[in-house]
Amino acid sequence: MGSLSPQCEHLVSQGLMNFVLSILIVLGIVFSYLPQLIRIIRLKSSFGISPYFVLLGATSGTFALANVVSQQQSLQDVACCKDVSGLSCLAGLLGILQVGMQWLSFFMMLTLFVLFFPRGTSSALPETSKEEPTYRTALVVAWICVAHALIMLVVTLAVGFRQPSSLQSWSNFCGVTAAILASIQYFPQIYTTLRLRCVGSLSIPMMCIQTPGALVWAGSLAARLGPKGWSTWGILIVTAFLQGTLLVLSVFFEYLGPSKGHDHDYDSASVANRTGADNEGQDERDGPYEDTPLLQDSR
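Each value, and the rule that gives it
Residues numbered from 1 in each chain as written. Predicted model: local features only at pLDDT ≥ 70, side-chain atom pairs only at ≥ 80, totals over all residues. Heavy atoms only, no water. Helix = DSSP H or I, 4+ residues; strand = E, 2+ residues; numbered from the N terminus. Buried < 20%, exposed > 50% of the residue type's maximum accessible area, 1.4 Å probe, protein only. Contact = heavy atoms within 4.5 Å. Areas by Shrake-Rupley, 256 points an atom, 1.4 Å probe, with all protein chains shown as cover. 1 Å grid on protein atoms, 1.4 Å probe; cavity = no way out; pocket = protein on both sides within 12 Å on 5 of 7 lines; lining within 4 Å. Points joined across faces, edges and corners; volume = space filled by probe spheres on them. Nonpolar A, V, L, I, M, F, W, Y, C, P; charged D, E, K, R; others polar. Axes fitted to C-alpha atoms, helices over the stretch in contact; angles between N-to-C directions. Parallel < 35°, antiparallel > 145°, perpendicular 65-115°, else oblique. Left-handed = near helix turned anticlockwise from the far one by under 90°. UniProt positions renumbered as here; feature names shortened; annotations may be inferred. Core = buried A, V, L, I, M, F, W, Y, C linked by side-chain atoms within 4.5 Å. pLDDT = per-residue confidence, 0-100.

A few words now on the overall build of the protein. Along the protein, the regular secondary structure elements total ten helices and zero strands. For the protein, the α and β elements follow one another from N to C terminus as α-α-α-α-α-α-α-α-α-α. Within the protein, the fraction of its 299 residues that count as buried is 46%. Considering only residue pairs separated by 6 or more positions, the protein has 86% of its internal contacts joining residues 24 or more positions apart. Carbon together with sulfur atoms contributes 67% to the accessible area of the protein, which is approximately 16,100 Å² in total.

Now the structure itself:
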């Protein structure tokens with residue numbers, strides 16, 4: 001193998017504990033999204049999930065992936081793969097793999113969100129449900145996320161091939177933008193959960209896994225990338241605290257609040273049915289009205 005450059009020695013000398021932890025984080029990312037994906041499929045509804053939460057999460061994940069791919073340390077680790085063994089090369093790619101798996105998992109959630117989005121007819125919905133996003137909104141969100149991912153791919157490749165000296169600056173920009181988007185990502189979902197007073201299709205087990213897992217992941221990336229990678233692991237610290245807030249609200253409404261034990265098949269169509277039944281009952285109690293016939297069947 002010959003002598004290794006100082007940039008590559010850390011891949012060979014990396015401790016087994018850190019390597020195993022990095023592998024477990026990759027598996028943990030995939031495992032953490034499974035409860036949410038299974039819940040949407042089981043309920044056949046994405047009711048209660050804010051489209052703006054999905055939009056900000058997907059675009060933030062794309063920026064985060066561009067950030068870690070264009071990190072100077074990540075590029076050095078990839079370049080070292082030609083000089084080190086396959087296991088050491090894998091160790092150098094784990095940081096990219098972790099962020100990539102999170103991005104892929106969130107896009108799978110985006111796909112199910114659109115596929116199972118409630119499509120009740122808006123004409124039958126009550127006045128309060130006019131705030132509910134439409135299926136058209138979900139489609140627009142999906143197209144924006146896909147278009148943004150393609151644009152980010154093109155720009156990252158263009159900067160890498162045409163101005164490689166600017167890659168670290170581009171990486172920091174992507175990291176800061178991802179942190180900003182991640183910081184506001186949970187506010188639409190927190191607002192939606194507070195307004196609906198139920199978790200809907202949100203998965204509490206997913207948040208229970210991801211909230212502490214994000215802090216562990218941040219520590220792993222900080223150890224790998226160092227202080228210069230603050231724009232990468234800092235995102236995870238921000239999202240962990242915001243997701244923890246959403247988790248507390250979800251647990252309260254699910255197990256402690258006045259609507260605990262709420263029917264999770266609740267969607268816009270059931271809102272319309274319930275409101276229609278309430279209106280019929282009110283019509284029977286109230287009246288007569290101007291359009292009430294003077295002669296009514298006495299039967």
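On to the layout of surface pockets, then. Gaps between atoms show up when a probe of the same size as a water molecule is rolled over them. Of the voids in this model, the largest pocket is the one considered here, and its volume is about 510 Å³. Around the largest pocket, the lining comprises 31 residues; the ones closest to its centre are Y33, Q102, Q210, W217 and L236. The class makeup of the residues in the lining of the largest pocket is 20 nonpolar, eleven polar and no charged.

According to the stated counting rule, one finds two cavities of 30 Å³ or more in the structure shown. As for the second largest cavity, its lining consists of V68, S74, D77, G92, G95, I96, R224 and L225. Secondary structure elements with two or more residues in the lining of the second largest cavity: α4 (72-79), α5 (86-115) and α8 (204-225). Broken down by element, the lining of the second largest cavity gets its largest block of residues, three residues, from α5. Classifying every residue of the lining of the second largest cavity by side-chain character gives three nonpolar, three polar and two charged.

For the pair helix α3 (residues 51-69) and helix α7 (residues 167-196), interaxial distance at closest approach is 8 Å and the crossing angle is 160 degrees. The angle between α3 and α7 places the two elements in the roughly antiparallel class. Handedness of the α3/α7 crossing: left-handed. Across the contact of α3 with α7, the residue classes tally to 14 nonpolar, ten polar and no charged.

Looking now at the UniProt feature "transmembrane region" (unreviewed entry) in the protein. Feature annotation in UniProt assigns "transmembrane region" (unreviewed entry) to the following positions: residues 15-34, 46-70, 90-117, 138-161, 167-187, 199-218 and 230-253. A helix fraction of 100% and a strand fraction of 0% characterise residues 138-161, whose end C-alpha atoms lie 35 Å from each other. In the segment residues 199-218, helix accounts for 75% and strand for 0%; the C-alpha atoms at its two ends are 27 Å apart.

This brings us to the nonpolar core. Within the largest apolar cluster, 54 residues are counted, with the highest numbers of intra-cluster contacts made by I49, V54 and L110. Mapped onto this core, the elements with two or more residues apiece are α2 (16-43), α3, α5, α6 (135-162), α7, α8 and α9 (230-256). With residues up to four places along the chain from it excluded, the contact list for I49 reads Q36, I40, V54, M109, F113, Q189, S201 and L202.

Structurally, L246 is set in helix α9. Placed 47 residues apart in sequence, L246 and V199 show a C-alpha to C-alpha distance of 9.7 Å. Setting aside residues no more than four positions away along its own chain, L246 makes contact with Y186, Q189, I190, T193, L202 and M207.

On to the packing of α3 against α6, then. One can describe the packing of α3 onto α6 by two numbers: an axis separation of 10 Å at closest approach and a directional angle of 10 degrees. Comparing their axes, α6 and α3 come out roughly parallel. Along the contact surface, α3 presents P51, Y52, V54, L55, A58, T59, T62, F63 and A66, while α6 presents T137, V141, I144, C145, H148, A149, M152 and T156. Of the residues belonging to the contact of α3 with α6, the class tally is twelve nonpolar, five polar and no charged.

Another aspect to go through is the environment of C145. Relative to the helices and strands, C145 resides in helix α6. Residues C145 and T59, spaced 86 residues apart in sequence, show a C-alpha to C-alpha distance of 6.1 Å. If near-sequence neighbours (up to four positions away) are discounted, C145 is found in contact with V54, L55, A58, F107 and L110.

Let us now look at the confidence of the model for the protein. Across the protein, pLDDT averages 79, with 75% of residues at or above 70. Element-level mean pLDDT values for the protein span from 44 in helix α10 (residues 268-285) up to 95 in α6. This stretch, residues 121-128, has a pLDDT under 50; its non-local contacts, to residues over four places away or in other chains, come to six contacts. Counting contacts from residues 263-292, a segment whose pLDDT is below 50, to residues more than four positions away or on other chains yields 25 contacts.

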